Amino acid sequence: MSAYLSLSLWLVPLIPVLYVLYHLVIAPRFNPLQEIAGPPLRKWFGNHLQFVLDPTVSSKVHELYVKRYGRSIRIRGIAPWDERLLTLDPVSVAHVLKHTSIYEKPWQSRKLITSLIGCGMLAAEGHIHKLQRRVATPAFSVQNMRALVPLVFNKGNELKDRWLDMMKGKGVTEGIQLDVCHWISRATFDVIGLAGFDYDFNAIQDETNELFVAYKEMFEVAISQGHPLWTMITVYAPLINWIFRDKITRTVDHCQEVIHRVAGQLVREKTQKIMEAEKNRDTFKGRDLLSLLLKFNLATDLPPEYKISDDDILHNINTFMFAGSDTSSLTLTWTILLLAEHPDVQDRLRNELLSVSSIPSDDLSDEDIQSLYNIIADLPYLHNVTRECLRLIPPVHSSIRVATEDDTIPTMYPVHGRDGKPIPSKQSVTISKGSFVHVAVEAFNLDKQFWGDDSWEFNPDRWDCLPESANDLPGLFSNTLSFSAGPRSCIGMRFSLIEIKTFLFILITNFVFKTTEEKIVKANVVLTRPYVSGKYAEGSKCPLKIYPYRPARA
C-alpha cells in the first residue's frame, strides 16, 4: 500500500508536466495543418503574427507568402502548439464566414470585448447573437437610416462652422493645422450619441460631457494605450487585474460605472416613455436606435423567447458607440488624408460635389436634406472614392475565428504541401477543433492577383472597370471584406456610408486639405489607426493643413 502511495506522490507532480509536454511536442505533430506549406521559424518559441498583423509590412508579407506557399498557409501563433491557418483563398474565406456555428470568435477575443462594452453583437455567439441581431435588424432598415440623414448633416455643418470659427478666432485667413483624426472622432461621437440614444454629447464644442469622457477614455486608454502582452496575460489570468490595479484598470472601472449609471438611466427613461405612450394608445416617435430597439423588444406580439434584457440593450448601445464612431471616423480620416496626398483627386471630387447644389445645406429643411442626400449617395466619383478608401485601408485590418469542431474547408486554388509543391487532387484543407483561422481583410482588399498590379495604390477610377477576378470575391460591400461577409457582417453599413458621404460632402466643399511635413503611418491597434511616425506614444493623430475653399474667379 505504501508503494502505491509513494508512486502516486511521484506521479501527481508529473501530470502538469506531461500535459505541457503533450501540447508542446506531441499534439502539434498530429495537427492536420502540419501537412500544408508555411514559412519557417528560426526560434522554437517564435511566431509569424508580427508580420501578418503589422499594416506597414503585411501587404508585402502576404504577397510573398502566396508566391511561396500558395493561398492556404500554415502560420505559427503565440506558442509552439498554436498552428493556424492563414487563408487567402476566396472560397475558403466565404466558407469560414458563412458557417458561423462552426467558426466563432475565440473566447479570448470575446472576453476582452465583453470586459469593456459588454456582451453585445460584437462578442455574442450562437443563439444569443442571432437573438440580438433579430431585435436590432428593424432599427437598421433603409427607412430608419434615411430618417437619420438630417441629424448627420447638422453635425457635419456644426463641425464646418467650428473649424471656420477657429480660423477667425486666430485671425487666420489662409488656414490652420488641425489633428483631423481627433476632430472627426469628436463629430462622429456626437452623431452616434444622437442616432444611438438621442443624447447630445456636444463634443464638437467641448469635451466635458461626463458620458462622452467615459466612452472616449475607455476606448482610448484601454484599447489605444494598452500593452498587448499585458492584455493577453490578463485575459488568461483576470485575477491579476484585481491584484495589480494599474491606471488602465482603474480608468476602465470608472468609465463603466459612469456608462452604467448615465446610459442605464436613459434606457429606463425611454422604456417608461414607450410604455406610457402605449398605455395612452399613442405611438412613441423616437427614431434613435435605442428607441427603435426598445419598441421592438417591448412589442406585445413579440414572443418572450425573442426578447432581450435591458442589460443586453445597453451592451448593444455600447457596441454601436464603439463600432459606429471609431470605424466611421477612421475611414473619414484616412479618406481626407488620401485626398490631401492626391490633390488632383480632391479637386475632381470637389467639382462633382459642388455641382449638386448651390444652396448651403444648413439652410435646407429636413425634407430637402433627405432629397439632397439621395443625389449625393448616387454621385459616381464620390462612391468610387469611398469604395477605394475602404478597400485600401479597411478599418479592421484582419479578423480571427476558431473552429468549434473538426472541419474540411474547400479551396479554389491548389493546396501546397510542406515541400512547397501543390498536392495533387487536393481541393480542401482539414482543420481540427480549436485551431485558429486568420481572415486577412486587408490582404484580400489589396491582392494584386484580384485587383491588378496597382492594387496598393489609391486609384478611385479602378471602380469604373474592375478586373473580372475582383467581381468574384466575397464581401458585403463592393466585393471587399471591409464590412465583413456572411451572417456576422456589419449591421450598420448603411449608417456608416451615410456618415462618410455626408461629411465628405460638407467638408470637401468648404475646405482644402493639404499634408504637413510629418509622415503618417498605419498601426493595427484593434482598428487601423494613423500615427505620426516616431511619435507613437502621443497616440493616434493625423495632422493636416486646412484652408477655407474659395472658388476660382471667372
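Please read all numbers here as calculations on a predicted model, not as lab measurements.

Conventions we followed
- Residues numbered from 1 in each chain as written.
- Predicted model: local features only at pLDDT ≥ 70, side-chain atom pairs only at ≥ 80, totals over all residues.
- Heavy atoms only, no water.
- Phe/Tyr/Trp six-rings, centres within 6.5 Å; stacked < 30°, edge-to-face > 60°.
- Helix = DSSP H or I, 4+ residues; strand = E, 2+ residues; numbered from the N terminus.
- Buried < 20%, exposed > 50% of the residue type's maximum accessible area, 1.4 Å probe, protein only.
- Expected span 1.5 Å × (residues − 1).
- Patch = residues over 30% accessible without salt bridge, like charges linked within 9 Å, V, L, I, M, F, W, Y side chains within 5 Å.
- Areas by Shrake-Rupley, 256 points an atom, 1.4 Å probe, with all protein chains shown as cover.
- Salt bridge = Lys/Arg side-chain N within 4 Å of Asp/Glu carboxyl O.
- Pairing = 2+ DSSP bridges.
- Axes fitted to C-alpha atoms, helices over the stretch in contact; angles between N-to-C directions.
- Core = buried A, V, L, I, M, F, W, Y, C linked by side-chain atoms within 4.5 Å.
- Contact = heavy atoms within 4.5 Å.
- 1 Å grid on protein atoms, 1.4 Å probe; cavity = no way out; pocket = protein on both sides within 12 Å on 5 of 7 lines; lining within 4 Å.
- Points joined across faces, edges and corners; volume = space filled by probe spheres on them.
- Nonpolar A, V, L, I, M, F, W, Y, C, P; charged D, E, K, R; others polar.
- Parallel < 35°, antiparallel > 145°, perpendicular 65-115°, else oblique.
- Left-handed = near helix turned anticlockwise from the far one by under 90°.
- Disulfide = S-S within 2.5 Å.
- Polar contact = N/O pair within 3.5 Å; in protein donor to acceptor, adjacent residues only side chain to side chain.

Engineer: Could you clarify how one ought to interpret the packing of aromatic side chains in this entry?
Structural biologist: Between two aromatic rings, the relevant description is the distance of the centres plus the angle of the planes. For the coordinates displayed, the defined rule picks out 18 aromatic pairs. Here Phe153 and Phe505 contribute two aromatic rings whose centre-to-centre distance is 6.2 Å and whose plane-to-plane angle is 55°, an arrangement assigned as tilted. In this pair, Phe153 sits in helix H8 (residues 149-169) while Phe505 sits in helix H21 (residues 493-508), placing the two residues 352 residues apart along the sequence. Owing to a relative accessible area of 0%, Phe153 belongs among the buried residues under this scheme. Their ring planes at 70° and their centres at 5.4 Å tell us that Trp163 and Phe511 sit as a pair that is edge-to-face.

Engineer: It is not clear to me how helix H15 (residues 310-341) should be interpreted in this structure. Could you clarify?
Structural biologist: Along an α-helix, residues three or four positions apart point the same way, because every turn accommodates 3.6 residues. The terminal C-alpha atoms of H15 lie 46 Å apart, and with 32 residues this matches the ideal 46 Å at 1.5 Å per residue to within 8%. Counting buried positions over the 32 residues of H15 gives 27, a clear majority of the element.

Engineer: Would you mind showing me how to read a nonpolar patch on the surface here?
Structural biologist: Taken together, the side chains of Leu14, Val17, Leu18 and Leu21 present a nonpolar region at the surface, about 350 Å² in accessible area. A residue is classified by how much of its surface remains accessible, and Val17, at 42% relative accessible area, is partly exposed.

Engineer: What is the right way to read the sheet that holds strand S12 (residues 543-548) from this model?
Structural biologist: If you trace the three strands from one edge of the open sheet to the other, you get S4-S12-S9, paired in antiparallel fashion. Because the sheet does not close on itself, it has two edges, and the strands there are strand S4 (176-179) and strand S9 (511-514). Strand-to-strand, the axes of this sheet are offset by a mean angle of 40°, without reference to chain direction. Across four bridges, the pairing between S4 and S12 is antiparallel. Bridged to Leu178 within S12 is Leu544.

Engineer: What's the story with the nonpolar core in this structure? I'm lost.
Structural biologist: Membership of the largest hydrophobic core comes to 110 residues, with the highest contact counts inside it found for Trp163, Phe197, Phe201, Tyr215 and Phe513. The dominant element in this core, judged by the number of residues it contributes, is H15, at 14 residues. Residues within four places of Phe201 in sequence aside, it is in contact with Phe189, Asp190, Gly193, Asn209, Leu211, Phe212, Tyr215 and Met321. In terms of nonpolar packing, the next biggest core, distinct from the first, is built from 37 residues, Val61, Tyr69, Leu85 and Trp463 among them.

Engineer: What should I look at first to understand empty space enclosed by the protein in this one?
Structural biologist: It is the rolling of a water-molecule-sized probe over the atoms that shows where space remains empty. Scanning the model with the defined rule gives one cavity of 30 Å³ or more in all. Within this model, the largest cavity holds a volume of roughly 30 Å³. Around the largest cavity, the lining residues are Val52, Leu53, His62, Leu86, His397, Ser398, His438, Val439 and Ala440. For the lining of the largest cavity, the class distribution of residues is five nonpolar, four polar and no charged.

Engineer: Where do I start with the packing of helix H14 (residues 289-298) against H15 in this structure?
Structural biologist: Between H14 and H15, the shortest axis-to-axis distance is 11 Å and the interhelical angle comes to 150°. Judged by the inter-axis angle, H14 sits roughly antiparallel to H15. The two elements H14 and H15 cross, and the hand of that crossing is right-handed. Facing Leu289, Leu290, Leu293, Leu294 and Asn297 of H14, the residues of H15 in contact are Asp310, Ile313, Ile317 and Phe320. Tallied by class, the residues present in the contact of H14 with H15 amount to seven nonpolar, one polar and one charged.

Engineer: Help me out: how do you make sense of the pairing of strand S6 (residues 407-410) in this one?
Structural biologist: Each regular strand displays side chains that alternate between the two surfaces of the sheet. The alternating pattern of S6 places Asp407 and Ile409 on a buried face and Thr408 and Pro410 on a face that is not buried. Both S6 and strand S7 (residues 428-431) contribute to a ladder of four bridges, which runs antiparallel. Each bridged residue has a counterpart across the sheet, and for Thr408 the counterpart in S7 is Thr430.

Engineer: Which parts of the structure should I look at to understand the state of the cysteines?
Structural biologist: Here a disulfide denotes a covalent bond joining the sulfur atom of one cysteine to the sulfur atom of another. For the coordinates displayed, the defined rule picks out zero disulfides. Cys181 takes part in no disulfide bond, and the closest cysteine sulfur to it belongs to Cys542, at a distance of 6.8 Å. Free cysteine: Cys389, not disulfide-bonded; nearest cysteine sulfur from Cys542 at 11 Å.

Engineer: For this particular structure, what's the right way to read unusual backbone geometry?
Structural biologist: Trans peptide bonds make up the majority, and among non-glycine residues the majority have a negative phi. The residue Asp198 is not glycine, and still its phi comes out positive at about 60°. As for its placement among the helices and strands, Asp198 is situated in the loop between helix H9 (180-197) and helix H10 (210-224).

Engineer: I keep staring at the environment of Asp419 and nothing clicks. Help me out?
Structural biologist: If you trace the backbone, Asp419 turns up in the loop between S6 and S7. At 3.0 Å, the side chain of Asp419 forms a polar contact with the backbone nitrogen of Lys421.

Honestly, that's just the spatial picture; any functional story needs more than this.
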